[in-house]
Number of protein chains: 2
Amino acid sequence: MALKSFIEVGPDSHFPIQNLPFGIFKPEPTSPPRPGVAIGDYVLDLSTISVSGLFDGPFLSGSDCFLQPNLNKFLALGRPAWKEARATLQNLLSADEAKLRDNPSLREKSLVPMSKVEMLLPIAIGDYTDFFSSMHHARNCGIMFRGPENAINPNWFQLPIAYHGRSSSIVVSGTDIIRPRGQGHPSGNSPPYFGPSRKLDFELEMAAVVGPGNELGKPVDVNEAGDHIFGLVLMNDWSARDIQAWEYVPLGPFLGKSFGTTLSPWIVTLDALEPFACDAPKQDPQPLPYLAEKISKNYDISLEVQIKPAGQEDSCVVTRSNFNHLYWTVTQQLAHHTINGCNLRPGDLLGSGTISGPEPESYGCLLELTWNGQKSLSLNGTTRKFLEDGDEVVFSGCSKGDGYKVGFGTCSGKILPSP
Amino acid sequence: MALKSFIEVGPDSHFPIQNLPFGIFKPEPTSPPRPGVAIGDYVLDLSTISVSGLFDGPFLSGSDCFLQPNLNKFLALGRPAWKEARATLQNLLSADEAKLRDNPSLREKSLVPMSKVEMLLPIAIGDYTDFFSSMHHARNCGIMFRGPENAINPNWFQLPIAYHGRSSSIVVSGTDIIRPRGQGHPSGNSPPYFGPSRKLDFELEMAAVVGPGNELGKPVDVNEAGDHIFGLVLMNDWSARDIQAWEYVPLGPFLGKSFGTTLSPWIVTLDALEPFACDAPKQDPQPLPYLAEKISKNYDISLEVQIKPAGQEDSCVVTRSNFNHLYWTVTQQLAHHTINGCNLRPGDLLGSGTISGPEPESYGCLLELTWNGQKSLSLNGTTRKFLEDGDEVVFSGCSKGDGYKVGFGTCSGKILPSP
């Protein structure tokens, strides 16, 4: 018999008792930010639960980790504390447990309708790294820019390629994105183009949230890397393709990406995703020993991107992909990141890179979907090559269990014109 | 008549009353970190000066910015507060002013011998960006890796190329650097090399420390960019050339750099450097309007790198360069960084890139000095192509005034073997 909450949760909800993703919210516009978990259409206020003494296990009793404006302190505690929190909350919210269910005053104080809260970024992000781990995406970009012979650089199959991203411009779902201005390729002998980006794109990604970090100079073993990952979020790595194409040689993406990156507000824990673990793709050539995992695990998470075109009421699905298309696992990414001694800190973010599947309907960005603007995408009677001002892009993602879903909610942003 | 302090300061000191660089220090191993300025062989404890009510100007009286464990709060206040602090401190330390000079108890509490203090990182660094602004360095690297025809990519002359660096592994001068392990190019059909880097290098850089930031979506005008820069530090952007060469296509440097970056502890303010301002190099082609400055300013700062080879007592100068070799100014770097709307925050760091001059004796890294290991560098009877375990690299930098120096002290680090 499946675990059930005393709170009514519909079968299509992303947030049943099996999920319990963590976020940071404000119950009222003027109240201080605090941690919460999503349950059905409610947010459970963990600061209230904590003050009420209901986190009474060995790791969390007496801790002030749920009295913080971000989750970093909780993340630093590591998996035993996370498992204890999950067990405590699943018990507290279950249909059979009276403590919260039969305490109207505590229910009133701790359960806030999701429609009333403001969600904030769940973590203070020290460093944000973005990987490039979908082979289909790497191949498509390679074919477009270097031709089919050299589509994928040989290093790609030996290591999870990545670059450092910009932390300051990471925003929570629902934040508008201002179209960036910048330089693009000159045509002929003219100076470079300068103005609003003409190739504004989304990138369908997910990101891993780092829990306990590692000391500078002390790499993390790939078989222990899972203990350093708290969970996953949806991520839109907005990209200005014209700015990126002109600037990125030889040091990589910079202003083509750093104007904004959107995260979904709820971090779904690896513990909640465990039932949806699946085998990672076979890697050929075999990875070097420091990247060879005893168990190489991916997660079956269905992903979807919708665009609501400017001025329209209805949105339109533009792609469907899955997290399990990634070639490099998040544990390989983390181990690789630290192999040179680089230190990770709680709250660091590891983006997956654009998650494209093998079929054209599963490509994870407009660059691939329109083949760099060579063809148009039909949307509710209008068309797009790249994003226009007023367009809203909405990602969603979930794993489907037996009679329930473990979902991420949405990750959305609307394009505003350049200043 | 030049300004003089009641504290004896020799003519070769980097820290006369004309300088007054800001840092963070601990007077005793167990005391909490606090801000200070360097004066001769002493550190003036700004927390003590602040608590004594001696910051009595309009911007700083009542502020707790000098009761913090880093300078970020002071940096956020902006140039008027910085100028007020400088004027207050120059007055307090001057030979003619009795307030501190004739107060033995306050002197005792606030002036700590520099030899006794522990210096810490002066700022909490949200994001670290590294530019690539020396034309000589860009040309040398280009000739080595792409040949003389395509030495410098056309975009280089149109915009200050940069990449996002890793914040977590930035350390203060004196911290040992552990030789990174990682992958290098495969030879023939073998798998890639894996092991300790065989091409470990320093990069002679300086970095600008950001003061007040800008809001996401609101670029900073190039002619106002100077107001967002507090000062400069020396920076060693340690680089593993073999790791970098194999990983960097197409997304730029990652593990070849992220194992450690060393900063000098003292931030020399732009106000102290103003007497050493000089014209920036003429830029051809003319930069686009958003990068065209009314006054294009560089600074005459002599830079020197010494290596103390493993097991030896004496160090040896390996290069002499100057900050004024940079093609792109720090104000252009900052304006470019924000033109897409990217937000900067107080304490962000903008590295200059390796500062090479035109002559071989002024190249800013071993990659250039030994032409990627093709020739050896003589050091006190031994030779080097790249750094060996036990080598210590020491940067110094200063501007020479009439009878005094405005200097940065040193920025040093010793190589420890891979684990």
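What you are looking at is a predicted structure, and each value in this text was computed from that prediction instead of being measured.

Definitions and limits used
- Residues numbered from 1 in each chain as written.
- Chains lettered and ligands numbered in written order.
- Predicted model: local features only at pLDDT ≥ 70, side-chain atom pairs only at ≥ 80, totals over all residues.
- Heavy atoms only, no water.
- UniProt positions renumbered as here; feature names shortened; annotations may be inferred.
- Helix = DSSP H or I, 4+ residues; strand = E, 2+ residues; numbered from the N terminus.
- Buried < 20%, exposed > 50% of the residue type's maximum accessible area, 1.4 Å probe, protein only.
- Contact = heavy atoms within 4.5 Å.
- Polar contact = N/O pair within 3.5 Å; in protein donor to acceptor, adjacent residues only side chain to side chain.
- Salt bridge = Lys/Arg side-chain N within 4 Å of Asp/Glu carboxyl O.
- Pairing = 2+ DSSP bridges.
- Expected span 1.5 Å × (residues − 1).
- Least-squares fit on C-alpha atoms with pLDDT ≥ 70 in both.
- Axes fitted to C-alpha atoms, helices over the stretch in contact; angles between N-to-C directions.
- Buried area = accessible area lost by both parts, 1.4 Å probe.
- Core = buried A, V, L, I, M, F, W, Y, C linked by side-chain atoms within 4.5 Å.

**Student:** Help me understand the UniProt feature "binding site: Ca(2+)" (unreviewed entry) in chain A in this model?
**Tutor:** Residues and elements named next belong to chain A. As annotated by UniProt and renumbered to match this structure, "binding site: Ca(2+)" (unreviewed entry) occupies Asp130, Glu203, Glu205 and Asp237. A stretch of 108 residues holds the annotated residues, and the largest C-alpha distance among them is 11.4 Å, short enough that they meet in one place. Residue position: aspartate 130 is located in strand β6 (residues 128-131). When its relative accessible area of 1% is taken as the criterion, aspartate 130 is described as buried. Excluding residues within four positions of it along the chain, aspartate 130 makes contact with Ile161, Ala162, Tyr163, Glu205, Met235, Asp237, Gly351, Ser352 and Gly353. Structurally, aspartate 237 is set in the loop between β14 (229-236) and β15 (239-240). There is a polar contact of 3.4 Å between the side chain of aspartate 237 and the side chain of tyrosine 163.

**Student:** Where do I start with unusual backbone geometry in this structure?
**Tutor:** Peptide bonds are, in most cases, trans, and in most cases residues other than glycine have a negative phi. Residues and elements named next belong to chain B. Omega for the bond connecting valine 249 with proline 250 falls within 30 degrees of zero, at 5°, which places this linkage in the cis form. On the secondary structure map, proline 250 appears in the loop between α7 (241-247) and β16 (261-263). Cis geometry is adopted by the peptide bond preceding proline 285, which originates at aspartate 284 and carries an omega value of 5°. Position of proline 285 relative to the elements: it lies in the loop between β18 (277-279) and β19 (297-299). For asparagine 372, which is not glycine, the phi torsion reads 55° and is therefore positive. In this structure, asparagine 372 sits in the loop between α10 (366-369) and β23 (377-379). Within the chain, asparagine 380 stands out as a residue other than glycine whose phi angle is a positive 45°.

**Student:** I would appreciate a short explanation of the pattern of salt bridges in the present structure.
**Tutor:** Residues and elements named next belong to chain A. Considering all chains together, one arrives at 44 salt bridges over all chains under this definition. With a closest N to O distance of 3.9 Å, lysine 26 and glutamate 118 form a salt bridge. With a gap of 92 residues between them, lysine 26 in strand β1 (residues 22-26) and glutamate 118 in strand β5 (residues 118-120) connect regions that are remote in the sequence. Glutamate 392 is paired through a salt bridge with lysine 308; the nearest N and O atoms lie 4.0 Å apart. Note that glutamate 392 is positioned in strand β25 (residues 392-400) and lysine 308 in strand β20 (residues 302-308), a separation of 84 residues in sequence. Its relative accessible area of 26% is what places lysine 308 among the partly exposed residues. Through salt bridges with shared partners, one network takes in Asp201, Glu203, Asp237, Arg241 and Lys257.

**Student:** Which parts of the structure should I look at to understand the pairing of strand β2 (residues 34-39) of chain A?
**Tutor:** On a regular strand, one side chain projects to one face of the sheet and the next to the other, so that they alternate. Residues and elements named next belong to chain A. Taking burial as the measure, the 6 residues of β2 include 6 buried ones, the bulk of the element. Here β2 shows two buried faces, one formed by Arg34, Gly36 and Ala38 and the other by Pro35, Val37 and Ile39. Of the pairings in the sheet, the one linking β1 to β2 comprises 4 bridges and is antiparallel in character. In the sheet register, phenylalanine 25 faces β2, and the bridge partner there is arginine 34.

**Student:** Please clarify how helix α6 (residues 135-146) of chain A should be interpreted in this entry.
**Tutor:** Because each turn of an α-helix spans 3.6 residues, side chains separated by three or four positions end up pointing in the same direction. Residues and elements named next belong to chain A. End to end, α6 covers 15 Å across 12 residues, agreeing with the expected 16 Å (1.5 Å per residue, within 8%). Taken as a whole, α6 has its buried residues at Met135, His136, His137, Ala138, Asn140, Cys141, Gly142 and Met144. Close packing links the buried residues of α6 with α10 (366-369). Positive backbone phi, at 90°, marks glycine 147, one or two positions downstream of α6.

**Student:** What is the right way to read the relation of the copies chain B and chain A from this model?
**Tutor:** Each of the two copies of the chain can be brought onto the other by a rotation about an axis and a shift along it. Mapping chain B onto chain A calls for a screw motion: a turn of 180° about the axis and a shift of 0.0 Å along it, with 0.0 Å RMSD after fitting. This pairing of chains is accounted for by a two-fold axis. Every residue of chain B has its C-alpha some distance from the rotation axis, and the shortest such distance is that of B:Gly252, at 2.1 Å. Of the interface residues in chain B, 100% have counterparts in chain A that sit at the interface too, so the contact is made through matching surfaces.

**Student:** What should I look at first to understand the sheet that holds strand β5 (residues 118-120) of chain B in this one?
**Tutor:** What links the strands of a sheet is backbone hydrogen bonding, and the strands pair in either a parallel or an antiparallel sense. All names here are of chain B. Pairing is antiparallel across the open sheet formed by 5 strands, whose spatial order is β4-β3-β2-β1-β5. Both edges of this open sheet fall to β4 (111-113) and β5, since each of them pairs with a single strand only. Taken over all neighbouring pairs, the strand axes of this sheet differ in orientation by 45° on average, direction set aside.

**Student:** I keep staring at helix α3 (residues 79-93) of chain B and nothing clicks. Help me out?
**Tutor:** All names here are of chain B. With 15 residues, α3 extends 21 Å from end C-alpha to end C-alpha; this agrees with the ideal 21 Å at 1.5 Å per step. Of all 15 residues that make up α3, 11 are buried, and the element is covered over most of its length. Looking only at α3, the buried set comprises Arg79, Ala81, Trp82, Glu84, Ala85, Arg86, Thr88, Leu89, Gln90, Leu92 and Leu93.

**Student:** I tried to follow the interface of chain B and chain A on my own but got confused; where do I start?
**Tutor:** Reports of interface size often rely on the accessible area that becomes lost once the parts have come together. At the junction of the two partners, chain B supplies 56 residues and chain A supplies 56 residues. Both sides together, the interface formed by chain B and chain A hides about 5300 Å², and carbon and sulfur atoms give 63% of it. The interface formed by chain B and chain A contains 4 salt bridges. Between A:Asp348 and B:Arg166 there is a salt bridge, and its shortest N-O distance comes to 2.7 Å. Taken together, the connections running from chain B to chain A amount to 29 residue pairs in polar contact (both at pLDDT 80 or more). Every element with two or more residues in the side of chain B that touches chain A is listed here: β6 (128-131), β7 (162-164), β10 (181-184), α7 and α9 (330-338) of chain B. Ranked by the residues each element gives to the side of chain B that touches chain A, the list is headed by β7(B), at 3 residues.

**Student:** Please clarify how the nonpolar core should be interpreted in this entry.
**Tutor:** Grouped burial of nonpolar side chains is what soluble globular proteins tend to show. A:Leu349 and B:Leu349 are the most contacted members of the largest nonpolar core, which has 223 residues in total. Not counting residues up to four positions away in its chain, the partners in contact with B:Leu349 are B:Ile123, B:Ile125, B:Asp127, B:Tyr128, B:Thr129, B:Ile170, B:Ala207, B:Ala208, B:Val209, B:Val233, B:Met235 and B:Leu263.

**Student:** Can you help me understand the environment of B:Lys109 in this one?
**Tutor:** Within the secondary structure, B:Lys109 is located in helix α5 (residues 104-110). Taking C-alpha positions, B:Lys109 is 48 Å from B:Gly182, a pair spaced 73 residues apart along the chain.

**Student:** Would you explain the environment of A:Gly364 in this entry?
**Tutor:** Take A:Gly364: it is sitting in the loop between β22 (349-351) and α10. According to the relative accessible area criterion, A:Gly364 is buried, its value standing at 0%.

**Student:** Please explain the UniProt feature "active site" (unreviewed entry) in chain A as it appears in this structure.
**Tutor:** All names here are of chain A. Here, UniProt's "active site" (unreviewed entry) annotation points to His137. Mapping histidine 137 onto the fold places it in helix α6. On the basis of relative accessibility, which here comes to 4%, the residue histidine 137 falls in the buried class. The contacts of histidine 137, once residues within four sequence positions are left out, are Phe132, Glu203, Thr354, Ser356, Cys365 and Glu368.

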